[in-house]
Structures are given as structure tokens and as C-alpha cells.
Amino acid sequence: MMDQFSRSRLLLGQAGVDKLLSSHVMILGLGGVGGYAAEALARSGVGRMTLVDHDQVTLTNLNRQIIATHDTLGQKKVDAMAERLRSIRPDLKLTLADQFFLPGQPLPALYEADYVVDAIDTVAAKVELACRCQAAGIPLISAMGCGNKLSPMGFMVADLFDTQGCPLCRAMRRELRKRNLTNLKVVYSPEPPARREEPVDGIDDAGGKRSVAGSLPYVVGAAGLILAWQVVTDLTYGLRP
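Heads up: these notes are all about the structure in this document.

Thresholds applied
Residues numbered from 1 in each chain as written. Predicted model: local features only at pLDDT ≥ 70, side-chain atom pairs only at ≥ 80, totals over all residues. Heavy atoms only, no water. Pairing = 2+ DSSP bridges. Helix = DSSP H or I, 4+ residues; strand = E, 2+ residues; numbered from the N terminus. Axes fitted to C-alpha atoms, helices over the stretch in contact; angles between N-to-C directions. Contact = heavy atoms within 4.5 Å. Parallel < 35°, antiparallel > 145°, perpendicular 65-115°, else oblique. Nonpolar A, V, L, I, M, F, W, Y, C, P; charged D, E, K, R; others polar.

For the rest of this paragraph, the subject is the sheet that holds strand β6 (residues 156–159). The strand order across the open sheet built from 7 strands is β3-β2-β1-β4-β5-β7-β6, with neighbouring strands paired in mixed fashion. The two strands at the open ends of the sheet, each matched to only one other strand, are β3 (93–97) and β6. Neighbour to neighbour, the strand axes of the sheet diverge by 20 degrees on average, direction disregarded. Taken together, the 5 bridges between strand β1 (residues 24–28) and strand β2 (residues 48–52) define a ladder with parallel strand orientation. If you follow H24 over to β2, its bridge partner there is R48. Its contacts with the sheet put helix α2 (residues 32–44) on β1, β2, β4 (115–118) and β5 (140–143), and the angle it makes with β1 is roughly 165 degrees. Each of β2 and β3 is contacted by helix α3 (residues 77–88), which is oriented at about 170 degrees to β3, the strand it contacts most.

Quick look at the structure:
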């Protein structure tokens, strides 16, 4: 009998599909990268997802974010993502956390997750998440810099300490060494950030000014889909035909 996962089952096998349906994946950050990762994981068959983000869909998101349409402008990203995912998977179990993840803050359902996807922007939050996941033994994959990159072709999965050419990777290595963390699975590209003609200022989470990076849909999309691929691969390893 044909069903929603018939095509997936041909590649992952029944055991692989069953494993995904019984898995809980937490995704932090539902922007360009995290949105594509979330949708791919839902379509792949992950049974439970926790979505963490405190941002709203804005006009500047329309060029790259999968949840951004003129109909979703002004909506909370967790709500827009949840509505989209439920339209694809009515059976999907969703937990929504309308919050920015910052060091020292509680994170609902983290310790119930089988896998965590980091698609957040700030170094401090990424480092804190890596420390918590390592201490709890929870698999984590972290997206590195996608801003100011022009090509989707360079993205790959690597250990953070084997990466080169990515400024965010460099900053993360420095901070993780201070905490005696020596490994972190990441998706990154060695492409040097492109130079912009004019700097652009934006507002950070604390209300201060920050530099805003340029971003393109096929770049963040590629990174998000690779994140999802690695999660599915890790969860179903050894279960596929």
C-alpha cells in the first residue's frame, strides 16, 4: 500500500522509517538554514520535533527563508513553521518554544531529544548548546557561517577542529577550547565571505546595532538540507537495506 513514506522506505527500509517516526529532533533557529532543515526532517518522517525561535517573519526574510511569504509576515516563526509542517504532516508531534536561547536559560525538552540541530547565530549561544549537549551525551550538529557566501557547492559535514576558512568556525574553536571541548560536528563551507559594496546595520537580540550579512536562498537552503541529511543518516545508520 502506498503512503506518505513509500518513496523514503525504498531507500531507508521499514526499520529506518520506523526509527525516524519514533525519534525526537530539536531545532534551534528557524531562519534560512533552520527552516529548510526542519521541513526536510518533517518530510523525512521524524515523529516529534521541538522548534525554538523567538523571532518574527519580516520583509527581509522573503529572499531566503522557506517560511517567509507575504501571508506569514509578522507571524512568530515558530507559529509559521508549525502551521507549514502540520500541513505536510498532520501526525507530527510538535513542541514550540517561543524564546531566544541564551546562556543560562532553560531549554524545554532538550534532554528528551534524540538529536539537536543548531541553526542559531550567536557564538555564545552555540557554545552553550554544545557544552550542554556534550555533557548530556545528546548528538548535536551545528551550522556554521552562511552569511556573505555566494555558492552552495562548498558545504560539507566536518569536525569543527578540522575546518578552515570560516570565521565563525575559528571563533567557535577558540571558545570551545576554553571549555575543553575537542570535537563538534558542523556543516560549513570554506568559501571566504564575499565583500559587500555597502555595509548594512541591523538590530541584535539585545536591541543594539550589529552588522547584517548578505544571504541567498540556495546557500542557506543547501546548508539546511545537509543538516537534515546528516541527522537522518545518523538516526538510521545500520537500519537501511
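From this point on, the discussion continues.
The geometry of helix α1 (residues 6–21) relative to helix α6 (residues 217–236) is characterised by a closest axis approach of 9 Å and an angle of 105 degrees between their N-to-C directions. Classed by the angle they form, the pair α1 and α6 counts as roughly perpendicular. In contact with L12, G16, K19 and L20 of α1, α6 contributes V232, L235 and T236. When grouped by side-chain class, the residues that make up the contact of α1 with α6 number 4 nonpolar, 2 polar and 1 charged.

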